[in-house]
Amino acid sequence: MVLRSLKAKILLIVIIAVVVIEGVFLYLNIRSLSRQILDKTEEEAFNLSETIRLSIRNAMIKDRRDEYQRIIDDVAQRKGIVEVRIFNKQGEITVSSDSTKVGTVVDKKAEACYGCHREDEAKVLLPSDSKTRIYHTEKQSLLGLINPIYNEASCYPCHPKTLNVLGVLDTTISLEDFEKERAQIYNRMMISGIVSVIILSFLLSLLLTRFINRPIGKLLAATKTAARGNLDQSVSIRSHDELGELSESFNNMILELKRSRNAIEDWTQTLEHRVQERTQELQQVQDQLVRAGKMAALGELAAGVAHEINNPLTGVLTFSSLILKKMDETHPWKKDLENIVQQTTRCRNIVRGLLDFARQRKPDKKDWDIHTLLDRTVTLVENQARFQNIKIVKEFKTGIPMLLVDGDQILQVFMNIIINAADAMAAGNGGTLTIKTNNKDGFAEVSFTDTGCGMTKENLSKLFAPFFTTKEIGKGTGLGLAISYGIIQGHGGDIEVESQVGKGSTFRIKLPIEKQDQTAEGKAHSA
């Protein structure tokens, strides 16, 4: 699990590389130092041997055996000197710091003699590296140095001139101090190597944590957070290397993802809004179709009913009016006849409304200014008693083009709506009727807002149904708004109603604004 970490992998690889390099360096360094110490030891041994040879030279020339034996014994007492001996050409030990070996013959095939006698005949002149030898006993390692004693002119009185080598001075030195020093060097270097590896690993771990592990950890955490859908974040890595570039690229990616998600959310909201709008439009169209179907059926029924009762009502009204004119004021039937005439007249008006509703004529469209039609309507009604406590406010927008409409029918619609508004405000002892015009989305919009009693949602859904009225019995036929709705539909427009109980109602009429080229084309086609 630990090796899955990038930091652990890098640290392990670096430690292995450092250990290998450090090991090679330690091996070469220890080997070099050991060689230097050994060379120094050999040099000191050679100097010692040469000193002994020169010291005993005079004693040997004068053949003072006790004197050079004493010198050899004194030298052998020094620390590290194992043995000093002299043997002749035949290998017989003539002088030795170990008196027990005097007179014995050395084995020429022994390890100590191998440097000179590795071949059958002994070498007279030895190279410097062949004068020393290192060999091992059961107790310790030893360094042996042979220093030939050559035949000189001063030696001729006692030795023949034909002899080149009179004997050999053999000095044996213990390598215990050398082994100890080499072991100390080895231990010091091993400890320093281990400490350096530990320190280097610690520093490398800190550097990896600071410059690699932490930035990667931040990027990894941010990536996981972004995967869970949280894009409100950024990674701050202040470095000018690849990790800094990676964090900047990650932040740019997060910004792009956030923009894309916001765009998708905005588009989704827009799409939902458009779907709602289209659904409302379809619902309105469906309601209009249902309403149109109901009105068509009611129109056929109304036409049949009106045709059947119109003639009898006319006869009743005519004869009742004639009798009423001939009757004296004191006649007891006069009030009854007046009531008959009044109710018959009301029935005739209802029948006429039914006929108008059932036989709505095709609009005779001409160019009209919508404000002119509104002014005419207000002029016709403002002096009526029902408008005494009602303030009419006009808020007309300038620049509305001429409308191709049937002026009489539109005037009738405005009249019905204004009168209904006045009746709604009559119960509250007056109010304010605000008439506004506007030009919006290719339609001329006329709104009538009153401060009357308002209507419930239940009544709004039945508002344009024939014979539906909120007025008292005898004060309305319930056909005015139904006829008005049919007229506006016939002009390609629409009527919208908003109402709150106790606050008032707003009737909004929308009539299409036809362009000049379409108007001219329609006139030419009619001609």
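As the structure is a computational prediction, the values presented were derived from the model and not from experiment.

Chemist: Mind laying out the overall build of the protein, listing which residues take part and the relevant values?
Modeler: Scanning the protein from terminus to terminus reveals 11 helices and 12 strands. Taken across its 527 residues, the protein has 34% of its residues classed as buried. Residue pairs at least 24 apart in sequence account for 64% of intrachain contacts in the protein once pairs closer than 6 positions are excluded. Counting every atom, the protein has about 33,700 Å² of accessible surface; 55% of that belongs to carbon and sulfur.

Chemist: Tell me about the pairing of strand S12 (residues 504–512), and name the residues and values.
Modeler: Of all nine residues making up S12, seven are buried, and the element is well covered by its neighbours. Where strand S10 (residues 443–449) lies against S12, seven bridges are found, and the strand directions are antiparallel. Bridge pairing in S12 places Phe448 opposite Phe507. Where strand S11 (residues 494–500) meets S12, seven bridges bridge the pair, whose relative direction is antiparallel. Residue pairing in the sheet places Ser499 in a bridge with Ser505 of S12. Here S11 folds back onto S12, and the loop between the two strands holds three residues, one of which, Gly502, carries a positive phi near 90°.

Chemist: Break down the sheet that holds S12 for me, with residues and values.
Modeler: The sheet built from five strands is open, its strands ordered S7-S9-S10-S12-S11 with mixed pairing. The two strands at the open ends of the sheet, each matched to only one other strand, are strand S7 (390–395) and S11. In this sheet, neighbouring strand axes are inclined to one another by 15° on average, regardless of whether the strands run parallel or antiparallel. Sheet topology places strand S9 (residues 431–440) next to S10; seven bridges connect them, and they run antiparallel. The partner of Asn438 across the bridge, within S10, is Glu445.

Chemist: Break down a nonpolar patch on the surface for me, citing the residues and quoting the values.
Modeler: Taken together, the side chains of Leu12, Ile16, Val20, Val24, Tyr27 and Leu28 define a hydrophobic patch exposed on the protein surface, amounting to about 580 Å² of accessible area. Mapped onto the elements of the fold, Leu12 is located in helix H1 (residues 6–61). The exposure class of Leu12 is partly exposed, given its relative accessible area of 41%.

Chemist: Would you mind going over the confidence of the model for the protein in detail, with residue names and values included?
Modeler: Across the protein, pLDDT averages 79, with 83% of residues at or above 70. In the model of the protein, helix H11 (residues 516–526) stands out as the element of lowest mean pLDDT, 44, in contrast to S10, which has the highest, 93. For residues 516–527, every residue scores under 50 in pLDDT, and the model assigns this stretch four contacts once sequence neighbours within four places are set aside.

Chemist: A description of the sheet that holds strand S1 (residues 81–88) should follow, citing residues and the corresponding values.
Modeler: The antiparallel open sheet is built from five strands, whose spatial order is S2-S1-S5-S4-S3. Edge strands, defined here as strands with exactly one partner in the open sheet, are strand S2 (93–96) and strand S3 (132–136). Strand-to-strand twist across the sheet, computed as the mean angle between neighbouring axes with direction ignored, equals 25°. One ladder, built from three bridges, connects S1 with S2; its direction is antiparallel. Bridge assignment links Arg85 to a residue of S2, and that residue is Ser96. Running over the sheet, helix H2 (residues 65–76) touches S1 and S2 and is turned about 55° from S2.

Chemist: Describe in detail helix H4 (residues 176–227), supporting the description with residues and values.
Modeler: The end-to-end C-alpha distance of H4, which contains 52 residues, comes to 71 Å, matching closely the 76 Å that a straight helix rising 1.5 Å per residue would cover. Where H4 bends most, the angle comes to about 45°, and this point is Thr209.

Chemist: Got a sec to walk through the nonpolar core? Specific residues and values, please.
Modeler: Membership of the largest hydrophobic core comes to 38 residues, with the highest contact counts inside it found for Phe414, Phe448 and Ile509. Of all the elements in the fold, those that place two or more residues in this core are helix H7 (370–381), strand S8 (403–405), helix H8 (407–426), S9, S10, helix H10 (480–490) and S12. Sorting elements by how many residues they give to this core places H8 first, with 10 residues. In this structure Phe448 touches Leu374, Phe414, Ile417, Ile418, Leu433, Thr434, Ile435, Ser505, Thr506, Phe507 and Ile509, once residues within four positions along its chain are discounted.

Chemist: Talk me through H2; I want residue IDs and the actual numbers.
Modeler: Between the first and last C-alpha of H2 there are 16 Å, a value that for 12 residues agrees with the 16 Å anticipated at 1.5 Å per step. Along H2, the residues classified as buried are Tyr68, Gln69, Ile71, Ile72, Val75 and Ala76. Here the buried residues of H2 occupy an arc of 160° about the axis, which is enough to place them on one side. For H2, the elements touching its buried residues are H1, S1 and S2.

Calculation rules
Residues numbered from 1 in each chain as written. Predicted model: local features only at pLDDT ≥ 70, side-chain atom pairs only at ≥ 80, totals over all residues. Heavy atoms only, no water. Helix = DSSP H or I, 4+ residues; strand = E, 2+ residues; numbered from the N terminus. Buried < 20%, exposed > 50% of the residue type's maximum accessible area, 1.4 Å probe, protein only. Contact = heavy atoms within 4.5 Å. Areas by Shrake-Rupley, 256 points an atom, 1.4 Å probe, with all protein chains shown as cover. Pairing = 2+ DSSP bridges. Axes fitted to C-alpha atoms, helices over the stretch in contact; angles between N-to-C directions. Patch = residues over 30% accessible without salt bridge, like charges linked within 9 Å, V, L, I, M, F, W, Y side chains within 5 Å. Salt bridge = Lys/Arg side-chain N within 4 Å of Asp/Glu carboxyl O. pLDDT = per-residue confidence, 0-100. Expected span 1.5 Å × (residues − 1). Bend = angle between axes of the 7 residues up to and from the residue. Core = buried A, V, L, I, M, F, W, Y, C linked by side-chain atoms within 4.5 Å. Arc of directions from axis to C-beta.

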